[in-house]
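# Descriptive analysis of the structure
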Amino acid sequence: MSPARPRQLVGQRSYRGRAWFTRTRGAWCVAGSAALLAACSGGIDVPNASAARNCAGATATSLGVAQSALADCSNGGTRAVVGAGGANYLIVAQFATDEGSASPVSYALSADTGTGPALADLVPPPVAQFVAAPAPGAGLQSALDLKLRARERAARGSAVGSAMPARAMAASTVPTAGSVRTFRVLTDYAAAGDVWTTVTASLEFIGANVLIYSDTRTPYAGFTADALAQFGRYFDETLFPIDTAAFGPPSDVDGNGHVIMLMSPAVNAGTPSATCLSQGFVAGFFNGQDFNGAGDPNSNDGEIFYSLVADPQGTYGCPHPASDVSDVVPAVFLHEMQHLISYSQHVVVGGGKPAASWMDEGMSLVAEELGSAYYEAKCPPPACRTDPAQLLPDSSMGFARTFMFDSYAFASRPDSVSVTLHADRDLGTAWRGGAWALMRWLGDHMPPGFYRRLETTQGSGAAAIESASGGQDFARLFGNFGLALYTDSLPGMPRNTVPVADRFSTRNTRQLWTNLLGTSAAELLPFPIPVHDVTGAATVMQLRPGGTAFWRLGTPSAAATETIHFSAPDGRALDPRVHAQLVIFRLPPGQ
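Residues numbered from 1 in each chain as written. Predicted model: local features only at pLDDT ≥ 70, side-chain atom pairs only at ≥ 80, totals over all residues. Heavy atoms only, no water.

### Describing the sheet that holds strand β9 (residues 180-187)
Here we have six strands laid out as an open sheet, ordered β9-β10-β11-β12-β14-β13, and mixed in their pairing. Each edge of the sheet is formed by a strand with only one pairing partner; in this case those strands are β9 and β13 (284-285). Note that β13 and strand β14 (residues 304-307) share two bridges and pair antiparallel. From the neighbouring strand, Phe-285 faces β14, where its bridge partner is Tyr-306. In the packing of helix α5 (residues 322-349) onto the sheet, the strands contacted are β12 (259-263), β13 and β14, and the crossing angle to β14 comes to about 155°. (Pairing = 2+ DSSP bridges. Helix = DSSP H or I, 4+ residues; strand = E, 2+ residues; numbered from the N terminus. Contact = heavy atoms within 4.5 Å. Axes fitted to C-alpha atoms, helices over the stretch in contact; angles between N-to-C directions.)

### Digging into the pattern of salt bridges
For the structure shown, the criterion picks out twelve salt bridges. Arg-507 is paired through a salt bridge with Glu-376; the nearest N and O atoms lie 2.7 Å apart. Of this pair, Arg-507 sits in the loop between α11 (474-487) and α12 (509-515) while Glu-376 is found in helix α6 (residues 357-378), placing the two residues 131 residues apart along the sequence. For Asp-488, the salt bridge is made with Arg-495, and the minimal N-O distance between the two is 2.7 Å. On the accessibility criterion, Asp-488 (0% relative accessible area) is buried. (Salt bridge = Lys/Arg side-chain N within 4 Å of Asp/Glu carboxyl O. Buried < 20%, exposed > 50% of the residue type's maximum accessible area, 1.4 Å probe, protein only.)

### A short note on the state of the cysteines
A complete count under the given rule lists one disulfide for this structure. At a sulfur-sulfur separation of 2.2 Å, the disulfide partner of Cys-379 is Cys-384. On the sign convention where negative is left-handed, the bridge of Cys-379 and Cys-384, at about -60° about the S-S bond, is left-handed. Of the residues examined, Cys-379 reaches a relative accessible area of 10% and is grouped as buried. By relative accessible area, Cys-384 is classed as partly exposed at 38%. (Disulfide = S-S within 2.5 Å.)

### Brief notes about the confidence of the model for the chain
When pLDDT is averaged across the chain, the result is 82; 80% of the residues are at 70 or more. Throughout residues 1-45 the model reports pLDDT below 50, and contacts reaching past four residues in sequence, or to other chains, amount to 148 contacts. Contacts from residues 116-137, a stretch scored under 50 in pLDDT, to residues over four places away or in other chains number 63 contacts. (pLDDT = per-residue confidence, 0-100.)

### As for unusual backbone geometry
Glycine aside, a negative phi is what most residues show, and trans is what most peptide bonds show. The omega angle of the peptide bond from Pro-381 to Pro-382 is 5°, so this bond is cis rather than trans. Positionally, Pro-382 belongs in the loop between α6 and α7 (397-411). Phi at Ala-66 takes a positive value of approximately 70°, unusual for a residue other than glycine. Even without glycine at this site, Asp-301 takes up a positive phi of about 50°. In this structure, Asp-301 sits in the loop between β13 and β14.

### A word on the packing of α5 against α7
Running from N to C, α5 and α7 point in directions that differ by 60°, and their axes come no closer than 8 Å. On the basis of the axis angle, α5 is oblique to α7. α7 is crossed by α5, and the crossing has right-handed handedness. Only Gly-398, Phe-399 and Arg-401 of α7 make contact with α5, whose side of the interface consists of Asp-327, Pro-330, Ala-331 and Leu-334. Looking at the contact of α5 with α7 residue by residue, the class counts come to four nonpolar, one polar and two charged. (Parallel < 35°, antiparallel > 145°, perpendicular 65-115°, else oblique. Left-handed = near helix turned anticlockwise from the far one by under 90°. Nonpolar A, V, L, I, M, F, W, Y, C, P; charged D, E, K, R; others polar.)

This is the structure in structure tokens:
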């Protein structure tokens, strides 16, 4: 049977080509206040916002406008019954799991008397080929990040005997300014095997939280000693507190009471000049191997963020003026610092396994977003904007472009992207956007301190979320999240029309995605989520575990009830391991 085509909503345009973001060089300014926004963790306890229903459909679900219900179809049932009478519904089909394979699973969806248009009348928006390039360096930067995280899980993630014993931290001793030491630095990131180099660096900046070591080979053209000191204060007084306020402190295995930032041309040299335009570049990274101790000759035994340096002439790799360092490295620092905190709390301090990769990456994108939120709070509209009509201030854009573009990529293909079961070899950005959106929604709805609890909670991603949320069911949370992707800020309706659990609070995703139309050279859709129509004939589609598909059901005015069928293509119940569920939302008139 031919698959149903998603509806082309009024005002949508076809996408052609690749989305590219033009950098806005805003002043990143040194700010003294580290007190951060409510965006760190919003703070309402999500109630049982969706009444659970047996998917066998024995009882009709009566919903008022903007009310929802969750049909758990993992129990052998294949039907859900809703009130008809001309009501329209959004049907969100999900496989709410983070276990097993991410391979697509076929399913069938239909209704007894669905009033959707014939398949031939529907025109699909071309979403499958969307690829975003959200930031300079995104290709190699993302690839190296995933490579290092996968290695950490492989080293510490087997079922028995691999977790690092919890370590006692050394007594704190801060090195003296100008002192010199050597570091082992990973370089040549595209090589099949690891390539390491030894660098000598001097301590150039001592802050309350961050020590900056500068490689003695660093070319200082365009990045003076005064600029380095200003840069150090920015990382020490603004960026470091943003991360630790949201996610908690890192470990301190080297006993210096600080995180080290090593700025070295060895990081620049990891990206050959010939690949800069095609693959981007690595701006910085964290390597969990640095916690391996004296038994590993390449371990520096400490909390370290590695950064590229200004190199305008391209002596060591791609040419990088000082503006590249100030534009790109701050967001990468926030991202990698979250990885550092997560690994040190889960493995080094807790003696457990690293966090689930999708949860860890989603949290790191939240960390970048908090950098944007910091400047959004400092520069409410229309201030600090090249164009007064733009959504975010110029100073936010270096932090915002990744989660904005990645979440758009996810929203354009939510059924073919697994938020919770991606493979590390999947270097596309869409799954990362889904992971950010889920972690952002959770942060908006959980009690304060949720992200901090996640950093110290052992277990898989879903289990850790249930524990950190006070025992709330992951499948139910995943259902509310999936619904919120569509129902937050329905066009032409007051935002509070929709229950709070079914929308975001610190972000308006429709607004974010619409704003991309003004910040990208690509022709994008104002709202990218594809919606299929439920008809009376069974439509066979595919959905990845950890994925979400959106359907719209119109009911006949003369009927009292409507039965929705959700099953395997042969009509039998779906495999319970994929945890199939339907979230059913009654749309307001006109939606």
